[in-house]
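Okay, here's what each chain looks like letter by letter:
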Amino acid sequence: MKRLLSLFIITISFMVSVAQAAPSLIPAPPQLSANSYVLMDAYTGDVLVEHNSREELPPASLTKLMTAYIAEYELAKGNISMNDQVTISETAWRMEGSRMFIREGTQVRLEDLMRGIIIQSGNDASVAVAEHIAGGEAAFADLMNQHAKLLGMNNSHFVNSTGFPAEGHYSSALDIALLARATIVHFPQNYELYSEKYFTYNDIRQPNRNKLLWRDKTVDGLKTGHTEAAGYCLAASAVRNGTRLIAVVMGTSSDEARAAETQKLLNYGFRYYETRKLYSAGQVLSDARVWGGEVDTVKVGFSEDVLVTMPRQNADSIPASLDLKSEIEAPIAAGDVLGKIIVGTPENILLERDVVALEPVSEGGFFKRLFDKVKLFFMNLF
């Protein structure tokens, strides 16, 4: 009974500490002239707007986001270095379409090739990096599909590193957004490359094809794509006032249209939504009762920051309730899940997140454990 009363008091204290939020009035999202699109909060992964977002479509050069992601993954692992000298094969040199204009038999720094992929959308640079990492493009495509599976890209299959039209090569707006989010969150140290407007190699200066980099100072990435089958595609990201959004638009009619339609999505998202940090990593929410431990309580909180995407009209705060396990027994390791927090109202739950022990608690001595067992037994009788 006392344990239940304790839980009730914790729940009530969370509820009364927040103001009553006004109802959110949000207009319908814009209807875009595109085959498929999605708007995602980069920090929480919440999808704010979508249309045919899981439809399997040719991704054109949006494919290169995966090529660059794998290179960034291998860099983080220490398997390759930005200073690697990559030997350019005849296969890479002969690639058609957009190119970095690397020469067969020369050696090019990996960092230059990364800029060639991201800024110049070079098919030749993409093949050169694929060969450097996996020995050949077919093996690299297998690696691409393994990473896609790990990222939850359930509507994607890659055949090459470039997005050059090929049977069985497809992705979706949602999957590209997941990939863009992984790029931003997992490898922030390399993300500045996606915002660079120009890159010069072999005395040839080429602009980044993402027009939003010039039109919207909050946009800092990511990648364009175009083939006849795919239409004009764009994956873009922008950050305003601590909120970062990702917009992916596939199958528009022109270079101008993909920029304009993507801008509509971003403007809508920033106008009506925001990312808020509700709790910080290590923040103590409660001291939970521990049975059979050296001490009688354990600090409970979160191992990571807790973020939520919410309408901007919810100005001040939102309700949250803490639900702990009814009986918490020692030993406890730091990070053990001891309950959950529910944020929102019963009609609109924004998120549920595990709460964990922020510190270890060892077992108590024999008599301490015995005393707690007897005390718990009689408490449960009532």
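Up top is the structure these notes are about.
Thresholds applied
Residues numbered from 1 in each chain as written. Predicted model: local features only at pLDDT ≥ 70, side-chain atom pairs only at ≥ 80, totals over all residues. Heavy atoms only, no water. Helix = DSSP H or I, 4+ residues; strand = E, 2+ residues; numbered from the N terminus. Buried < 20%, exposed > 50% of the residue type's maximum accessible area, 1.4 Å probe, protein only. Pairing = 2+ DSSP bridges. Axes fitted to C-alpha atoms, helices over the stretch in contact; angles between N-to-C directions. Core = buried A, V, L, I, M, F, W, Y, C linked by side-chain atoms within 4.5 Å. Contact = heavy atoms within 4.5 Å. Salt bridge = Lys/Arg side-chain N within 4 Å of Asp/Glu carboxyl O.

1. A word on unusual backbone geometry
With the exception of glycine, most residues fall at negative phi, and the peptide bonds are largely trans.
1) Next: Here the residue pair Gly221 and Leu222 is connected by a cis peptide bond, since its omega of 10° sits within 30 degrees of zero.
2) Next: In this structure, Leu222 sits in strand E7 (residues 219-227).
3) Next: Residues Ala330 and Pro331 are joined by a peptide bond in cis, for which omega reads 5°.
4) Next: For Pro331, the position within the fold is in the loop between strand E14 (320-324) and strand E15 (337-345).
5) Next: In this structure, Phe101 is a non-glycine residue whose phi angle is positive, near 70°.
6) Next: Position of Phe101 among the secondary structure elements: in the loop between helix H3 (90-93) and strand E4 (107-109).
7) Next: Phe101 sits in the partly exposed class, given a relative accessible area of 29%.
8) Next: Its identity as a non-glycine residue notwithstanding, Asn241 has a phi of 50°, on the positive side.
9) Next: Structurally, Asn241 can be placed in the loop between strand E8 (231-240) and strand E9 (243-252).

2. Observations concerning the sheet that holds E15
1) Next: Pairing within the open sheet is antiparallel, and its five strands lie in the order E11-E12-E16-E15-E14. Of all strands in the sheet, those bounded by a partner on one side alone are strand E11 (284-289) and E14. With direction set aside, neighbouring strand axes in the sheet form an average angle of 30°.
2) Next: Note: E14 against E15, five bridges, orientation antiparallel. Bridge pairing links Asp323 to Lys340 in E15.

3. With respect to the nonpolar core
Among soluble globular proteins, nonpolar side chains are generally buried collectively.
1) Next: The biggest cluster of nonpolar side chains holds 61 residues, and the ones touching the most others in it are Met66, Met100, Ile102, Leu113, Met114, Ile118 and Val248.
2) Next: Beyond its immediate sequence surroundings of up to four residues, Ile118 is in contact with Ala68, Glu72, Leu193, Tyr194, Asn208 and Lys223.
3) Next: Ile318, Ala330, Leu338 and Val343 belong to the second-largest nonpolar core, a separate cluster that totals 24 residues.

4. With respect to the pattern of salt bridges
Where charged atoms from two side chains of opposite charge come close, those side chains can pair.
1) Next: Scanning the entire structure with this criterion turns up 16 salt bridges.
2) Next: With its nearest N and O atoms 2.8 Å apart, the salt bridge here joins Asp216 to Arg240. Placement of the pair is Asp216 in the loop between helix H8 (212-215) and E7 and Arg240 in strand E8, with a sequence separation of 24 residues.
3) Next: Residue Asp216 is classed as buried on the basis of its relative accessible area, which comes to 9%.
4) Next: For Arg240, a relative accessible area of 21% puts it in the partly exposed group.
5) Next: A salt bridge links Arg244 to Asp220, with the shortest nitrogen-to-oxygen separation between them at 2.8 Å. With Arg244 in strand E9 and Asp220 in strand E7, this pair connects stretches of sequence that are 24 residues apart. No difference in accessibility class separates Arg244 from Asp220, as the two residues are buried.
6) Next: One network of salt bridges, with partners in common, ties together Lys211, Arg215, Asp255, Glu256 and Arg258.

These figures come from the coordinates and say nothing about function on their own.
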